[in-house]
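# Secondary and tertiary structure notes
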Amino acid sequence: MTIKSEQLIQDLIERTRININQAEKFNSLSTEKLNWRIKQESWSILECFEHLNLYGDFYIPEIKNRIESSKTLPIESFKSGFLGNYFAKSMLPKEKLNKMKTFKDKNPIGSGLDKRTIVRFINQQEQLLNLLDKSKKIDLNKTKTAISISKWIKLKLGDTFRVVIYHNDRHIVQANKIMDEKKPTHNNV
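Another point: the overall build of the protein chain. Per the secondary structure count, the protein chain includes six helices and four strands. Counting from the amino terminus, helix and strand elements in the protein chain follow one another as β-α-α-α-β-α-α-β-β-α. Partitioning the intrachain contacts of the protein chain with sequence separation of at least 6 by distance along the chain shows that 86% fall at a separation of at least 24.

Structure representation (structure tokens):
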């Protein structure tokens, strides 16, 4: 995938703003609704957000450090790497969300969460918007980041942003599906 760097950053900024708006909508729900699960082994809305926060705890400082230490100048086009493009595409939400196994340290099930989880997510998204803005001044191809599953694998910064933000999109879609399941019916009051 090749795209103008400016166009990629703008798309990711828009996606992040939509995710902030979605999170603010969820924050108006009761803690009881936010902790409700479709099944005992599935995640609640708050657990979806906490899962994203756990990844944000790794990626936001990693991206920030790489941007701050980058000596590159911006170039017009971003060309996705093979592995980065694969990871990013696998994160995009699909009509029927395919289940993916998460790492134990990123699985929030049973965490006893409250609305601070959503506030934390919104704060991380605002940091991400700031980093996307700063990334306009560097080369998204040559600046590389580690990934959460291995410090030995490096992705181009443009791909890392795509993976993180598409992952956010995916779990916002999941949270919306949970909310849709929770809507009162004659069987579910």
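Secondary-structure assignment places Ser-5 in helix α1 (residues 5-26). Along the backbone, Ser-5 and Ile-138 are 133 residues apart, and their C-alpha atoms lie at a distance of 10.0 Å. Residues within four places of Ser-5 in sequence aside, it is in contact with Ile-75, Glu-76, Ser-77, Phe-78 and Leu-140.

A separate point is a nonpolar patch on the surface. A cluster of nonpolar side chains, Phe-82, Leu-83 and Tyr-86, forms an exposed patch at the surface whose accessible area comes to about 390 Å². In this fold, Phe-82 is placed in helix α4 (residues 82-91). Overall, Phe-82 belongs to the exposed group, its relative accessible area being 75%.

Between helix α3 (residues 45-69) and helix α5 (residues 116-134), whose axes approach to 9 Å, the crossing angle comes to 30°. Considered as vectors, α3 and α5 are oriented roughly parallel to each other. For the crossing formed where α3 meets α5, the hand is left-handed. Taking contact as the criterion, the partners of Leu-46, Phe-49, Glu-50, Leu-52, Asn-53, Leu-54, Gly-56, Asp-57, Ile-60, Ile-63, Lys-64 and Ile-67 in α3 are, on α5, Thr-117, Ile-118, Arg-120, Phe-121, Gln-124, Gln-127, Leu-128, Leu-131 and Lys-134. Of the residues assigned to the contact of α3 with α5, the class counts are 11 nonpolar, five polar and five charged.

Looking now at α5. Along its 19 residues, α5 runs 27 Å from first to last C-alpha, staying within 8% of the 27 Å computed at 1.5 Å per residue. For α5, the set of buried residues is Thr-117, Ile-118, Phe-121, Ile-122, Gln-124, Gln-125, Leu-128, Leu-129, Leu-131 and Leu-132.

Moving on, we get to the packing of α1 against α5. Look at α1 against α5: their axes get within 10 Å of each other, and the N-to-C directions meet at 165°. Taken together, the axis directions place α1 and α5 in an arrangement best described as roughly antiparallel. Taken as a pair, α1 and α5 cross one another with a handedness that is left-handed. Contacts between α1 and α5 involve Ile-9, Leu-12, Ile-13, Thr-16, Arg-17, Asn-19, Ile-20, Ala-23, Glu-24 and Phe-26 from the first element and Ile-118, Phe-121, Ile-122, Gln-125, Glu-126, Leu-128, Leu-129 and Leu-132 from the second.

About the criteria used
- Residues numbered from 1 in each chain as written.
- Predicted model: local features only at pLDDT ≥ 70, side-chain atom pairs only at ≥ 80, totals over all residues.
- Heavy atoms only, no water.
- Helix = DSSP H or I, 4+ residues; strand = E, 2+ residues; numbered from the N terminus.
- Contact = heavy atoms within 4.5 Å.
- Patch = residues over 30% accessible without salt bridge, like charges linked within 9 Å, V, L, I, M, F, W, Y side chains within 5 Å.
- Areas by Shrake-Rupley, 256 points an atom, 1.4 Å probe, with all protein chains shown as cover.
- Salt bridge = Lys/Arg side-chain N within 4 Å of Asp/Glu carboxyl O.
- Buried < 20%, exposed > 50% of the residue type's maximum accessible area, 1.4 Å probe, protein only.
- Axes fitted to C-alpha atoms, helices over the stretch in contact; angles between N-to-C directions.
- Parallel < 35°, antiparallel > 145°, perpendicular 65-115°, else oblique.
- Left-handed = near helix turned anticlockwise from the far one by under 90°.
- Nonpolar A, V, L, I, M, F, W, Y, C, P; charged D, E, K, R; others polar.
- Expected span 1.5 Å × (residues − 1).

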